Structure formats: structure tokens, C-alpha cells
Amino acid sequence: MAALGSRSSSVLSCQNVSVRFGAFQAVNNVSIDLAAGQTLALIGPNGAGKTTFINAVSGRVSLAAGRIRLGDADITNVPVHRRAAAGLGRSFQIINIFDQMTVLENLRLAAQSRAFGWQPCWRPVSAWPALERRAREVAAMVGLEAELDLPVTMLSHGKQRAVELGLALIPDPKVLLLDEPLAGIGHSEIEPTMELLQQVRKGRSVLLVEHNMDVVDRIADEIVVMVGGEVLLRDRPSAIWNSAEVRRLYLGSEVAGHA
Amino acid sequence: MRQVKHSEVLTVGVLVLLFAAAPFVTGDEGWLYLAALIMTWSIFALGYDISFGLTGLLSFGHAAFFGMGAYAASWAMLSAGLPFSVGIVAAIGAGGLSALVFGFVGRRVSGLYFSLMTLMLAELISIVMTTRLRHLSGGVDGLPGVPRPQAFGIDFFNAANFYWVIFALFCLTLAFCAVLKSSPLGQALRGVRQNAVRSEQVGFNVGALRLTALTLSGCLSGLAGALLASLMMYVSPQLLGWKMSGDVVIMTLLGGSGTPVGPVIGVTLVELLREGLSATTEHWYGLLGVIFILCTIYLPEGVAGLGRKLWRR
Ligand SMILES: Nc1ncnc2c1ncn2[C@@H]1O[C@H](COP(=O)(O)OP(=O)(O)OP(=O)(O)O)[C@@H](O)[C@H]1O
Ligand SMILES: [Mg+2]
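Bear in mind that the values here come from a model prediction, so they are computed numbers and not experimental data. (Residues numbered from 1 in each chain as written. Chains lettered and ligands numbered in written order. Predicted model: local features only at pLDDT ≥ 70, side-chain atom pairs only at ≥ 80, totals over all residues. Heavy atoms only, no water.)

## A few points about the overall build of chain B
Each helix and strand in chain B was counted, giving 14 helices and four strands. The C-alpha radius of gyration of chain B comes to 19 Å, within 12% of the 20 Å expected for a compact globule of 313 residues. With the C-alpha coordinates of chain B rotated into their principal frame, the extents come out at 50 × 45 × 40 Å. For chain B, the share of sequence-separated contacts (at least 6 apart) that also reach a separation of at least 24 residues comes to 76%. With 18 positive and 13 negative side-chain charges, chain B shows a spacing of 16 Å between the two charge centroids. (Helix = DSSP H or I, 4+ residues; strand = E, 2+ residues; numbered from the N terminus. Rg over C-alpha atoms; globule rule 2.2 N^0.38 Å. Contact = heavy atoms within 4.5 Å. Lys, Arg positive; Asp, Glu negative; His and termini not counted. Charge placed at Lys NZ, Arg CZ, Asp CG, Glu CD.)

## A few points about the nonpolar core
F19(B) and W41(B) are the most contacted members of the largest nonpolar core, which totals 121 residues. With 15 residues, helix α2 (residues 29-54) of chain B is the largest single contributor of residues to this core. Looking at which domains feed residues into this core, each of domain 1 (1-87 + 175-182 + 205-259) and domain 2 (90-172) of chain A supplies at least three. (Core = buried A, V, L, I, M, F, W, Y, C linked by side-chain atoms within 4.5 Å. Buried < 20%, exposed > 50% of the residue type's maximum accessible area, 1.4 Å probe, protein only. Domains from an automatic or database assignment.)

## Looking at empty space enclosed by the protein
Counted by the stated rule, this structure contains two cavities of 30 Å³ or more. Roughly 60 Å³ of volume is contained in the largest cavity. In this structure, the largest cavity is lined by A84(A), L88(A), G89(A), R90(A), A110(A), L167(A), A168(A), P171(A), R198(B), Q201(B) and V202(B). For the lining of the largest cavity, the elements supplying multiple residues, two or more each, are β6 (88-91) and α6 (157-169) of chain A together with α9 (196-201) of chain B. Broken down by element, the lining of the largest cavity gets its largest block of residues, three residues, from β6(A). Considering only residue class, the lining of the largest cavity consists of seven nonpolar, two polar and two charged. Computed from the structure, the second largest cavity encloses a volume of approximately 40 Å³. Lining the second largest cavity are T39(A), L178(A), L197(A), V200(A), R201(A), V206(A), L208(A) and I219(A). Listed by contribution, the elements that provide at least two residues to the lining of the second largest cavity are α7 (187-200) and β8 (205-209) of chain A. Of the residues contributing to the lining of the second largest cavity, the split by class is six nonpolar, one polar and one charged. (1 Å grid on protein atoms, 1.4 Å probe; cavity = no way out; pocket = protein on both sides within 12 Å on 5 of 7 lines; lining within 4 Å. Points joined across faces, edges and corners; volume = space filled by probe spheres on them. Nonpolar A, V, L, I, M, F, W, Y, C, P; charged D, E, K, R; others polar.)

## Considerations on the domain arrangement of chain A
Residues and elements named next belong to chain A. Domain annotation for chain A reports domain 1 (1-87 + 175-182 + 205-259) and domain 2 (90-172). Of the residues lining the interface, twelve residues belong to domain 1; the matching set on domain 2 comes to nine residues. Summed over both sides, the interface between domain 1 and domain 2 buries roughly 880 Å², with carbon and sulfur atoms accounting for 51% of that surface. Taken together, the links from domain 1 to domain 2 amount to zero salt bridges. Elements with a minimum of two residues in the side of domain 1 that touches domain 2: α2 (50-58) and β7 (175-179). Of the residues assigned to the side of domain 1 that touches domain 2, the class counts are six nonpolar, three polar and three charged. (Buried area = accessible area lost by both parts, 1.4 Å probe. Salt bridge = Lys/Arg side-chain N within 4 Å of Asp/Glu carboxyl O.)

## Some remarks on the site of ligand 1
Residues and elements named next belong to chain A. If you check the shell around ligand 1, you find 14 residues, and the closest are N46, K50, T51, T52 and Q93. The contact in question runs from an oxygen atom of ligand 1 to an N or O atom on the side chain of T51, over 2.7 Å. Coverage of ligand 1 by the protein amounts to 60% of the 630 Å² it exposes when considered alone. Broken down by secondary-structure element, the contributors of at least two residues to the shell around ligand 1 are β2 (24-35) and α2. Considering every element that reaches the shell around ligand 1, the biggest residue donor is α2, with three residues. (Near = heavy atom within 4 Å. Polar contact = N/O pair within 3.5 Å; in protein donor to acceptor, adjacent residues only side chain to side chain. Areas by Shrake-Rupley, 256 points an atom, 1.4 Å probe, with all protein chains shown as cover.)

## Focus on the pattern of salt bridges
All names here are of chain A. One pass over the full model with this rule turns up 13 salt bridges over all chains. Residues E132 and R136 are paired through a salt bridge, measuring 2.9 Å at the closest nitrogen-oxygen approach. Note that E132 and R136 are positioned in helix α5 (residues 129-141) at a spacing of four residues, about one turn of the helix. Via salt bridges that share partners, D33, E222 and R234 belong to a single interconnected network.

## Thoughts on the coordination of the magnesium ion (ligand 2)
Residue and element names in this part refer to chain A. The magnesium ion (ligand 2) binds to the protein through T51 (OG1) and Q93 (OE1); the donor distances cover 1.9 to 2.1 Å. Of the two residues, T51 is situated in helix α2 and Q93 in the loop between β6 and α4 (103-115); the sequence distance between them amounts to 42 residues. For Q93, a relative accessible area of 29% corresponds to the partly exposed category. (Donors = N, O, S within 2.8 Å, 3.2 Å for Na, K, Ca; no water.)

## A short note on the sheet that holds β2(A)
All names here are of chain A. Sheet architecture is open: four strands sit in the order β2-β1-β4-β5, paired in antiparallel fashion. Here the strands that pair on one side only, and so sit at the sheet edges, are β2 and β5 (73-74). Direction of pairing for strand β1 (residues 10-21) relative to strand β4 (residues 65-70): antiparallel, over a ladder of five bridges. Of the residues in β4, the one forming a bridge with Q15 is R67. Along the sheet, α2 makes contact with β1, β2 and β4, crossing β1 at roughly 115°. (Pairing = 2+ DSSP bridges. Axes fitted to C-alpha atoms, helices over the stretch in contact; angles between N-to-C directions.)

## Here's the deal with helix α8 (residues 184-194) of chain B
Counting buried residues along α8(B), ten of its eleven residues qualify, which places the element largely inside the surrounding structure. Burial in α8(B) covers these residues: P184(B), L185(B), G186(B), Q187(B), A188(B), L189(B), R190(B), G191(B), V192(B) and Q194(B).

## A word on the side chain of S42(B)
Residues and elements named next belong to chain B. Summarising the element assignment, S42 is placed in helix α2. Polar side-chain contacts of S42 include one of 2.7 Å to the backbone oxygen of I38. For S42, the contacting residues outside a window of four places in its chain are F170, V264 and V267.

## Topic: the interface of chain A and chain B
Accessible area lost when the parts come together is the quantity often used to give the size of an interface. In this complex, chain A contributes 33 residues to the contact, which on the side of chain B involves 25 residues. At the boundary of chain A and chain B, one finds three salt bridges. The salt bridge partner of E164(A) is R198(B), with a shortest N-O separation of 2.5 Å. The tally of links from chain A across to chain B stands at 16 residue pairs in polar contact (both at pLDDT 80 or more). Of all the secondary-structure elements, those providing two or more residues to the side of chain A that touches chain B are α3 (80-85), β6, α4 and α6 of chain A. Among the elements that take part in the side of chain A that touches chain B, α4(A) stands out by supplying six residues, more than any other.

## With respect to the environment of E230(A)
Residues and elements named next belong to chain A. Position of E230 among the secondary structure elements: in strand β10 (residues 230-235). Residue classification places E230 among the partly exposed residues on the basis of a relative accessible area of 40%. Residues E230 and A127, 103 residues apart in the sequence, show an inter-C-alpha distance of 50 Å. Leaving out residues up to four positions away in the same chain, E230 has contacts with N28, V30 and V225. Within the local environment of E230, its side chain forms a polar contact with the side chain of N28, the two groups lying 3.0 Å apart.

## A few points about the packing of helix α12 (residues 262-277) of chain B against helix α13 (residues 284-298) of chain B
Residues and elements named next belong to chain B. Between α12 and α13, the shortest axis-to-axis distance is 10 Å and the interhelical angle comes to 145°. For the pair α12 and α13, the sense of crossing is right-handed. Of the residues in α13, those in contact with V270, L273, R274 and L277 of α12 are W284, L287, L288 and I291. The residue inventory of the contact of α12 with α13, partitioned by class, reads seven nonpolar, no polar and one charged. (Left-handed = near helix turned anticlockwise from the far one by under 90°.)

Shown next, in the form of C-alpha cells:
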């Protein structure tokens, strides 16, 4: 059986994943696996296919080829919501939250999906206090205690990022896919958000797409460099920064822009 | 937030009181009939708003659920001789089942394509019922003599007595919609309307939630259809036509979708307008159109939205 052959230490394993949009190959034969407890950064220039790869893993786009395994289960053809229920959390590059709700309502709604198989309709949601308890717990974790009753549209960009992350953290997922969790965040908020990421990655496996090389350097155990839909190389951060190939193909132009 | 909730409870209370007081204020059969008609259509509009206001599914085919409910009740009572209560259950079932079928057929489409698909499916049912199933539907002439309840020795053919049956179901519908909205299911549906991508990502089966909403919406539409058939003591394929679907959309939007009172206000306005103007001019529907257009421009949240703004001030 295939299961016997797979590496038991990897929680997420993507083999030869390809994604096509019409004739355009956005992701080409990418194999990446994520070990338990590991934080793996995925970097690469704009249009490299990082978001598309995250979309493939979370189930938003279908694969032209390849297989994806989460733990022992093959999730290649499993729909988004079932992957999420199986312990795959994600945040989006462009803030993607329930925009006509308060912070509390956002987080409580996320807590609901796992609490019931079939969402009940005969009592107000307040009849299940555990939902709100979980929402408050996560709000405290991401620094939103003071904003619980505010509509999310009234929050700063950084705080909205925190809601985005909170939604992903509600079910306490084993695997977390973070697509540029610092995108659009103000300078003063970078440091606290980084601390938060440090805390969040403890005890779980994280695939982190990030353009801020400072952050990548401090958080990532390993780095995968993607260019033109393909994996260029994978190594420890120090080795990546010293690679002539990376400097030439990617960092030469990018790092200057982000310094 | 809390203030809005307060105003909602208050307006719903006032509405219920108004309808409860009507039979004591006037014994006039015409007025009672009108009030009963408004409550019946309100059930339809409240049901419609589960699909549109709560879940964000713009359907142009709700007449099918409404009409199938009306026919299911009529068949149950006329052909099978079953009691009114069974007829009502049959109507709720038929409305829900038709909606389930629509939702299943349209499970892969969304937005405008979903709207057009519901419109076409409903027209298909309407045409089949008027032509191929003439022997069942009564064709364009419809079926006369749809009965009203017979129980406890009360004469429900008396307008005032039947009024209370409709009033009770109207109150139940209002209560159901209010509880649904604040329930976990209601919150999940609200989430689907606001952001389906995020809903999926936090683990909701968006397709199943949409189907559930449409089915519940269909159940209430079917109930309203049965009540209308009993109220008019007549059922015809007209109830299945696109004009019915259009009316319920207009009423809901005019009154204000997404609120418990909005649909009721919309229904009341349209019915009063029909009552007041249809005798004097044939073009009342055109006038309604003008009012509707003005409303979409100046009152995008409907009349109830205007009320909410004034309340907050
Ligand atoms: N739905 C789509 N249809 C067609 N092309 C797409 C689609 N989504 C992405 N692409 C293309 O695929 C390529 C990879 O896009 P992707 O968003 O994955 O890049 P990225 O590495 O995340 O870039 P960035 O750093 O700017 O976020 C781009 O050329 C993009 O234009
Ligand atoms: Mg991207």
C-alpha cells in the first residue's frame, strides 16, 4: 500500500503538483513536504506561483497533475471545507474576512463550523456559550480583546490582519498556510505581528509565503525558492542567502525593494 | 447594535398588534380579507427573504414553490379529502421539495446565472402545469372550491374566523424567521452571503448551506401558497407564473430585505396600492414600477431602512 511508503514525519506532502490556467502553467511539477512542527517559508518574485500553490493545497484550484497528502489521507480531490475540517488552516494574501460582522461575530462563526455537523436553527447562537468562549480565547491570542464588539471595517489594516489570522486559528489547525500575513501592515505593527507569528507557529507546521526577508530569516526553519512556477531550491536560510543562484535570479532585485 | 435589536422587536410587536386588533376595529369582510391577504403574502415575502436577504440568493423562481404549495394543499384537500392541517403540511413539503430540486439543479451556478436558472425552471413548471397537466391543475381556469379548515365546530368560511388561522401562522413565521436569523444556521447563512470563500475556508459546506436556505425558503413559500388558495378558495396556474416571483422580489426589496419587518411593510404597501388604485386606473402596476425605481435609487435599504435611519437619529 502507498501509505507504507510515505514518509511518516511529513504532515503535508505535495508531490509533482501542477496547476494550469488555460495554456498558462502557473505551478509546474512542484514537490514540497512539510515536517511536523516545521516552519517552511515559500519565497519568490511576484507571479512566481506562490499563492496559486497555496490555493492548490487548500483546494481552491484543482490540480492539472500531482497528489497532495495531509497526514495519512490523500486530499487531492477533497473539497475546501473538508480539508479545513481535517486540520488545514489558511490566511489570505488579500484580507478575506466577514466584512459586515464584528470581530466577535467573525471568530464565533468560524468556531461554529466545527461545533455542529448540522447547524442548528431553533435557538439563538448565544445558547452555546462555548462558541463565544473559543472566539474570546483566540481574540486574546491575536491581540483583539479590546476590539471584540467593533465592526471589522472600523479596524486598522493591521487589526484586520489579526482577524484574518484569528479565523485560521480558531480550529487550532495542525497545518497553517499563511499567504503574506504581513502584507500592507504598517511599520510599527510589523514587530508585534512577528512576535505573534513566532507564537502561532509553535506546535504546528506552517507554510509561510512572505516578501519581508527579515521576517523570513527570523522565523523560517527552511526556505523554498519558487520562480516561474517551479522550485528553484530548498535549503536553510543561511544557505539561501549565500546562494549565488538565488542572488542572481531573485534576491538581487527583490531584497533591495524590501530593505 | 443593541438599539437596532430593540427597534426590531418593537416594530414587530407593533405589527403583530395591528393585525391582532384589525378584527376588533372593523367587521368589514373586505378589510379583513385585505389584512389576511397581506399576512399571507408576508409569509411568502419572509420566506423569500431567507433566500435573498439572509443568504444572498437572488431567485426569480419562487412562484414555483408558492404555486406548488398551493396545488399540493388543494389536491390533498379536494382530491384526497384530507383535512386542512394535512393540506398545510403537504404544502410546506411541496414548497420545500421544489426548492430542493431547484437548488440541486443550480448547485454549480451562482449570481445572475442562478437567478436566470430559477426563472427558467419556474416557467417550465408553470407551462407544464398549464398544458400537459391540465387535468390536475384545472388548466387556465384553475380549480375552484379549495376548502378552509373544518374543526371544533367553527365556521372558517366566516372571514373573521379564518383570519385567526392566518394570523397564527403569520406570527409563527415571524417567530421562526427571528429565531433562525440569530441561530447558528442563520449566522452561517449570513456568512455565506458576506463571503462564501471565507465560509468554505473556515469549514462550512457552502453548497449544503445554500441548499438548506433555499429549502427553508421554499417551505414558507409553499405554506403561503396554500393559505392564499384557501383564502381565495381557488387555485390556478397563475400562482406559478413569473409575475408572482416578480411581485415577491419587489415587495421584499421595497420594504427592506434582511429585516424582520421589511418584507411585511413592502407587502402592505403594494397591497394597499393595488387596493387603492386598481379600481381607478389600470396602470397602477406601472405606478408601482415608478415607486420601486425611486426606492432603489433613494432608499436602497427599503422603507424599513429609512425607518432604521430615523430611529438611530
Ligand atoms: N485565476 C487565474 N487565472 C489566470 N491566471 C492566474 C490566475 N491566478 C493566478 N494567475 C497567474 O498565475 C501566476 C502566478 O500567480 P500567483 O498569484 O500564484 O503569484 P504569487 O507568487 O503569489 O505572486 P505575488 O507575490 O504577487 O503574490 C501569475 O502570472 C498570475 O497572473
Ligand atoms: Mg501571492
